[in-house]
Amino acid sequence: MNEKTVHLWQEIKKNLEKELPEASFETWVNNLDPVDLQNGRIELVAPSGFIKRGLEERYLDLIESKAKELTGEEKEVSVQVAEQKEEAETARGEENLNEKDLQPPPVSSGNNSTGDSSGPASRGVSSNPLDDQSKSESSTSKMALNREYTFDNFVRSKSNQLASAASRAVAESPADSYNPLFLYSKVGLGKTHLLHSIGNYLRRQNPDGKIIYTSSERFAIEMIQAIRQNETDEFRKKYRSVQAFLLDDVQFLENKEGTQEELFHTFNELYGNDKQIVLTSDRSPQEFSDLQDRLVSRFRWGLVADIQPPNFETRVAILRKKANQKGLEVGKEVLELIATRISTNVRALEGALIKAVAHANLASGKLKMEEVKSFLPDESKEAKELTVDSIKEVVANNYDLSNEDLEGKSRKKKIARSRHIAIYLCRELTDSSFPSLGKKFGDRDHSTIMHSHQKIDSMIEETPLLYEEIKELKEEIRSSFNT
């Protein structure tokens with residue numbers, strides 16, 4: 001691999017990082033390596049078949065476009081897999097997504113599934129973690145932990161003082177200071193940043209230590225796969241033989257009795273052996289209504305710390321630090337305007353900053369305040385209500401469709417697939433019944449709506465690509481409507 005190849009790929013990555021959502025960039029682009037650049041062709045290596053397929057489906061054209069912008073020449077991009085062994089579960093899941101499967105069933109079909117399933121996965125977690133135990137533990141921790149999330153670049157303030165101090169104490173003295181540590185906050189306020197910071201600190205101190213970061217959804221899916229493949233012993237060995245267990249988004253375990261039971265015993269095993277446990281959630285333990293009391297009780301054994309929305313000064317400091325990290329020059333007035341308009345979500349702050357810089361680049365560096373105001377949200381106004389119609393709008397925009405497409409009768413693969421996803425999200429994120437959703441989706445029968453929800457629910461367990469897709473949509477919806 002020559003220096004020219006490396007340099008071009010680094011420039012392409014910088015451009016993609018500015019355009020893509022953070023989760024998308026980290027999942028599909030950041031773990032790619034360049035192999036060669038010759039004869040108008042760029043060869044990249046992906047860490048898995050899952051990443052290769054997802055990249056080819058979503059961003060290959062965009063990479064080729066960026067390469068042409070930087071070189072002035074057409075560049076064909078190809079992707080190889082570092083490990084030729086494909087994940088069998090992923091392949092089987094993707095093969096299930098065909099035209100026949102995506103067609104709505106007859107009115108008389110469909111019973112609602114009440115199995116222990118879950119939503120999309122944490123980015124970077126292997127789709128078949130039980131294939132090779134030692135390799136799985138290593139790849140899970142290394143791929144899942146975002147290296148940019150460290151204590152040094154976390155902006156501390158009164159709103160997160162206890163959570164940040166406790167996280168550092170846990171990292172410096174695992175299983176000694178606070179065990180378990182339970183962090184909670186609304187979306188986008190930094191709890192996942194702190195969780196990754198703990199993991200990154202522990203890994204630097206002990207590179208050979210077994211540290212697992214995962215989401216509760218991924219934990220549930222791996223457990224289900226282990227049961228189906230008669231590999232529960234391997235699953236338990238993986239999670240019960242670690243120095244630190246970092247579990248994100250515990251709230252998704254509600255109504256999943258089987259997964260709760262497994263987590264209860266995993267928790268007991270780790271705690272009894274003085275292993276560090278850190279959990280995050282969007283609410284405090286006492287606010288859970290569909291989680292086992294004995295599990296909630298254990299969450300409260302250590303320290304429970306919340307993170308509140310940052311004040312104005314802290315928001316400006318966060319924006320300034322983000323700009324410095326990315327090498328961006330942004331005026332004080334623009335930073336203060338963004339901090340004024342966005343007050344409840346740190347992730348949204350960064351998104352607005354990147355958008356402002358993009359506008360400045362298009363305007364040859366001259367960005368007027370009125371132009372900034374035109375594309376910034378105004379959270380001082382009443383927050384938009386999360387409704388079925390608003391979810392449909394987000395899904396339609398993401399797949400370049402219209403609401404009429406989602407409500408219509410077309411059975412084209414793209415439209416039918418997007419309709420299934422929209423129905424699933426509406427059912428998961430609102431209190432709407434199947435009959436009421438039927439009315440919102442072109443007066444369909446409730447059994448047809450039930451089938452759509454059930455299909456996506458079951459496919460998520462088998463198809464990491466879909467798993468990631470829905471995770472990103474959920475994050476966008478929650479961020480947009482402050483749920």
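Residues numbered from 1 in each chain as written. Predicted model: local features only at pLDDT ≥ 70, side-chain atom pairs only at ≥ 80, totals over all residues. Heavy atoms only, no water.

At a minimum axis distance of 10 Å, the contact between helix α9 (residues 216-228) and helix α11 (residues 257-272) shows a crossing angle of 100°. As judged from the angle between their axes, α9 and α11 are roughly perpendicular. Residues Phe219, Ala220 and Met223 of α9 pack against Gly258, Thr259, Glu262, Leu263 and Thr266 of α11. The residue inventory of the contact of α9 with α11, partitioned by class, reads four nonpolar, three polar and one charged. (Axes fitted to C-alpha atoms, helices over the stretch in contact; angles between N-to-C directions. Helix = DSSP H or I, 4+ residues; strand = E, 2+ residues; numbered from the N terminus. Parallel < 35°, antiparallel > 145°, perpendicular 65-115°, else oblique. Contact = heavy atoms within 4.5 Å. Nonpolar A, V, L, I, M, F, W, Y, C, P; charged D, E, K, R; others polar.)

Note on aromatic pairs: each is described by the distance of the centres and the angle between the planes. With the rule as written, the count across this model stands at 11 aromatic pairs. Their ring planes at 55° and their centres at 5.0 Å tell us that tyrosine 271 and tryptophan 301 sit as a pair that is tilted. Residue tyrosine 271 is located in helix α11, and its partner tryptophan 301 is located in the loop between α12 (293-299) and β8 (303-306); the two are separated by 30 residues in the primary sequence. Tyrosine 271 sits in the partly exposed class, given a relative accessible area of 32%. The ring of phenylalanine 441 carries lysine 392 above its face, with NZ or CZ at 5.1 Å from the centroid. (Phe/Tyr/Trp six-rings, centres within 6.5 Å; stacked < 30°, edge-to-face > 60°. Buried < 20%, exposed > 50% of the residue type's maximum accessible area, 1.4 Å probe, protein only. Lys NZ or Arg CZ within 6 Å of the ring centre and 35° of its normal.)

A residue-level look at the protein finds 77% of positions with pLDDT of 70 or above and a mean pLDDT of 77. Here residues 83-143 scores under 50 on pLDDT; set against residues more than four positions off or in separate chains, the count is 154 contacts. (pLDDT = per-residue confidence, 0-100.)

As for its placement among the helices and strands, glutamate 393 is situated in helix α17 (residues 388-398). Considering only alpha carbons, one finds glutamate 393 and leucine 406, 13 residues apart in sequence, at a separation of 9.6 Å.

Attention now goes to the packing of helix α7 (residues 161-172) against helix α8 (residues 191-205). Between two packed helices, the angle of one axis relative to the other and the distance separating the axes together describe the packing. Where α7 contacts α8, the two axes come as close as 9 Å, and the packing angle between them is 20°. On the basis of the axis angle, α7 is roughly parallel to α8. Once α7 is placed against α8, the crossing between them reads as right-handed. Mapping the contact onto sequence places Ala163, Ser164, Ser167, Arg168, Val170, Ala171 and Glu172 in α7 and Leu194, Ile198, Tyr201 and Leu202 in α8. Its residues assigned to classes, the contact of α7 with α8 comprises seven nonpolar, two polar and two charged. (Left-handed = near helix turned anticlockwise from the far one by under 90°.)

What follows concerns the pattern of salt bridges. Scanning the entire structure with this criterion turns up 17 salt bridges. Measuring nitrogen to oxygen at the nearest pair gives 3.6 Å for the salt bridge that ties glutamate 222 to arginine 218. On the criterion of helical spacing, the pair formed by glutamate 222 and arginine 218 is a turn pair, its members being four residues apart in helix α9. Across this residue pair, the class does not change: glutamate 222 and arginine 218 are buried. Arginine 240 is paired through a salt bridge with glutamate 262; the nearest N and O atoms lie 2.8 Å apart. (Salt bridge = Lys/Arg side-chain N within 4 Å of Asp/Glu carboxyl O.)

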